[in-house]
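In case you want the letters, here they are:
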Amino acid sequence: QVQLVEPGGGLVQPGGSLNLSCTASGSLFRIKNMAWHRQAPGKKRELVEVVTEGGATNYADCAKGRFTISRDNAKNTMYLQMSALSPEVTAVYYCYARGERVFGGREYDYWGRGTQVTVSS
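Let me sum up the structure you'll find in this document.

What counts as what
- Residues numbered from 1 in each chain as written.
- Predicted model: local features only at pLDDT ≥ 70, side-chain atom pairs only at ≥ 80, totals over all residues.
- Heavy atoms only, no water.
- Disulfide = S-S within 2.5 Å.
- Helix = DSSP H or I, 4+ residues; strand = E, 2+ residues; numbered from the N terminus.
- Buried < 20%, exposed > 50% of the residue type's maximum accessible area, 1.4 Å probe, protein only.
- Phe/Tyr/Trp six-rings, centres within 6.5 Å; stacked < 30°, edge-to-face > 60°.
- Lys NZ or Arg CZ within 6 Å of the ring centre and 35° of its normal.
- Contact = heavy atoms within 4.5 Å.

Applying the stated criterion to the full structure yields one disulfide. Two residues share a disulfide in this structure: Cys22 and Cys95, whose sulfurs sit 2.0 Å from each other. What sets the handedness of the Cys22 and Cys95 disulfide is the S-S torsion sign, and at about -80° it is left-handed. Here Cys95 lies in strand E9 (residues 91-101) and Cys22 lies in strand E3 (residues 18-26), a separation of 73 residues in the sequence. Given the relative accessible area of 0%, Cys22 is considered buried.

So, in C-alpha cells, the structure goes:
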C-alpha cells in the first residue's frame with residue numbers, strides 16, 4: 001500500500017551538487033523511519049543516511065562529499081542534499097521507508113526502484 005518514488009538523480013561534475021528526493025504515496029500507512037542507501041557496481045548495498053519520523057539523523061557517510069538528509073512529514077517526502085561530490089559516490093541510490101499499518105499497527109519495509117547518480121567530468 002506504499003510506493004516510493006525517487007526523482008533527482010543524474011550526471012553531475014566533480015565538486016558539484018545534487019539533490020535527491022523520495023515521496024511516499026499510498027493509504028492507511030504511517031511512515032516512520034526513512035533512509036537513503038546506495039549500491040555501486042560490484043558492491044553490496046550500503047546505508048548512506050537515516051532520518052527518523054521525529055527528524056533525528058544518522059550521518060553514515062561523510063567521507064565522500066557532503067550529505068545532508070531531511071524530511072517533510074506533511075509531504076511524506078525525504079531529501080538528500082549532496083555537495084562537493086567525488087566520483088566515488090557514483091551509485092544507484094535507493095529510498096527506504098518503514099511504514100506502520102494504520103489497522104493493526106504492524107510495520108513493513110518499503111524500497112524505491114532506485115535512481116542513478118553519476119559523478120564524472
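From this point, things continue past the structure.
Our next topic: the packing of aromatic side chains. Going through the model one piece at a time under the given rule, you end up with three aromatic pairs. On the numbers, 5.9 Å between centres and 70° between planes, the contact of Phe29 with Tyr108 is edge-to-face. Here Tyr108 lies in strand E10 (residues 107-111) and Phe29 lies in strand E4 (residues 29-39), a separation of 79 residues in the sequence. According to the relative accessible area criterion, Phe29 is buried, its value standing at 16%. By relative accessible area, Tyr108 is classed as partly exposed at 25%. On the basis of an interplanar angle of 90° and a centroid distance of 5.6 Å, the ring pair of Phe29 and Tyr110 is categorised as edge-to-face. Of this pair, Phe29 sits in strand E4 while Tyr110 sits in strand E10; the two residues are 81 residues apart in sequence, bridging distant segments of the chain. Accessibility assignment for this pair places Phe29 and Tyr110 in one class, buried. An aromatic cluster of three or more residues is present, and its members are Phe29, Tyr108 and Tyr110. For Arg45, the ring lying beneath its charged end belongs to Trp111, and the centroid distance is 4.8 Å.

Moving on, we get to the environment of Leu85. For Leu85, the position within the fold is in the loop between strand E8 (77-83) and E9. On a C-alpha basis, the gap between Leu85 and Phe103 in space is 43 Å, while along the polypeptide they are 18 residues apart. Dropping the residues within four chain positions of it, Leu85 is found in contact with Val12, Pro14, Gly15, Gly16, Ser17, Leu18 and Val119.

In short, geometric facts, not functional conclusions.
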